[in-house]
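# Chain and residue survey
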Amino acid sequence: MLTILVVALQFLQGNTCLGQCPTKVSFSLPGALRQPACVTELNLRGQNLELLPGNVEQLRRLRLLFAHENHLRHLPDNLVQLDSLRVLFVNKNSLLDLPPTIGNLRRLRQLQIEQNMLTELPPSIGSLDSLRYLMSAHNNFTSLPEQVGQLTQLEYCDVSHNQLLFLPASLGRLQSLRYVYLNDNKLQHLPARLEGLTQLEELNLSNNQLEELPASLGRCRNLKVLILSGNQLKALPNSLGQLQALEMLIVNDNQLTALPRSLRKLKKLKTVIVKQNAFTPTAQRQAETALPGVKLYF
């Protein structure tokens, strides 16, 4: 959340209205529509709105739109004409869909749509080539469009607490991704090729239905935190021994009977949590001997 606030503040700095505009930005919707050329930020949070006005496209200099915690079920199609928009908060509404041409918001960097009733992302989302933060937890997605793989600037992606059954193969091409949260879905497998996630630092896959992990996960050389709790894993791939930056591995509540010997190669590994698995006392001692500098929790 701190990251989100910092991003918002960065956009606020340096915003100026035209010479004839008041120095104070209007936060009321009627006031904004009376002086549309002056408005760079609009805060409509928690105003019990069921609709955004159809003439919202008049706010052509709008950079930040906060419309979260309302009762919106749809967004007006002409919202995509706000080509100066950088930040869009519409989380905690009742949204059923997004405008099909949302990809026209080419300057959008942060999109918060969590806690709605969305079932899909429009394919045009792949055109949001400035997008860095995508928060879409607590919706009803069963899949993501293949076009997600075109979000080359994306750094933070939260699609947790949905109904995802699978992930697009294109996800493995997102070289800017650093934080990915896919926990609490229904994933049974991951894309085979994940080696393109070269900047990935944290990956949360807990509470899914994974039975195995692709060997390519070991190519994510910057990965520091890997969370795999609450799956159906019987073994971990030896390729995890290639994760030279890994500091924490959490694999609670699976079906593991041993840890890969390759983990002993990981000089930065500090913590391994494997509670509620199938380790015998002998297997526990073997793991402790192999990883003497690691805090192990069985």
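These lines cover the structure that appears in this document, whether it is placed above or below. Since we're looking at a predicted model, the values are computed, not measured.

### Observations concerning the nonpolar core
- Ranked by internal contacts, the top residues of the largest apolar core, which has 80 residues, are Leu42, Ile113, Leu226, Leu228, Leu236, Leu249 and Leu259.
- Elements with a contribution of two residues or more to this core: helix 2 (29-34) and helix 3 (281-290).
- Setting aside residues no more than four positions away along its own chain, Leu249 makes contact with Leu226, Leu228, Leu236, Leu263, Leu269, Thr271, Val272 and Ile273.

### Comments concerning empty space enclosed by the protein
- All chains considered together, the criterion is met by 2 cavities of 30 Å³ or more.
- In this structure, the largest cavity encloses a volume near 80 Å³.
- What lines the largest cavity is simply Leu167, Leu171, Leu177, Val180, Leu182, Leu190, Pro191, Leu194, Leu197, Leu200, Leu203 and Leu205.
- Tallied by class, residues from the lining of the largest cavity come to 12 nonpolar, no polar and no charged.

### So, the environment of Leu203
- You can see Leu203 is positioned in strand 8 (residues 202-204).
- Measuring from C-alpha to C-alpha, the distance between Leu203 and Leu182 comes to 7.7 Å, with 21 residues separating the pair along the chain.
- If we ignore the near neighbours within four places in the chain, the residues touching Leu203 are Val180, Leu217, Leu223, Val225, Leu226 and Ile227.

### A word on the packing of aromatic side chains
- Per the counting criterion, the structure on display carries 5 aromatic pairs.
- Taking the centre distance of 4.9 Å and the plane angle of 85 degrees together, the rings of Phe66 and Phe89 count as edge-to-face. Linking Phe66 in strand 2 (residues 64-66) with Phe89 in strand 3 (residues 87-89), this pair joins segments that are 23 residues apart in sequence. For the pair formed by Phe66 and Phe89, the shared burial category is buried.
- The interplanar angle of 40 degrees and the centroid separation of 6.3 Å between the aromatic rings of Tyr133 and Tyr156 together place this pair among those described as tilted. Highlighted residues: Tyr133 in strand 5 (residues 133-135) and Tyr156 in strand 6 (residues 156-158), separated in sequence by 23 residues.
- Residue class for Tyr133 comes out buried when judged on its relative accessible area of 12%.
- Here a set of aromatic residues connected by ring pairs shows up, and it is made of Tyr133, Tyr156, Tyr179 and Tyr181.

About the criteria used
Residues numbered from 1 in each chain as written. Predicted model: local features only at pLDDT ≥ 70, side-chain atom pairs only at ≥ 80, totals over all residues. Heavy atoms only, no water. Core = buried A, V, L, I, M, F, W, Y, C linked by side-chain atoms within 4.5 Å. Buried < 20%, exposed > 50% of the residue type's maximum accessible area, 1.4 Å probe, protein only. Helix = DSSP H or I, 4+ residues; strand = E, 2+ residues; numbered from the N terminus. Contact = heavy atoms within 4.5 Å. 1 Å grid on protein atoms, 1.4 Å probe; cavity = no way out; pocket = protein on both sides within 12 Å on 5 of 7 lines; lining within 4 Å. Points joined across faces, edges and corners; volume = space filled by probe spheres on them. Nonpolar A, V, L, I, M, F, W, Y, C, P; charged D, E, K, R; others polar. Phe/Tyr/Trp six-rings, centres within 6.5 Å; stacked < 30°, edge-to-face > 60°.

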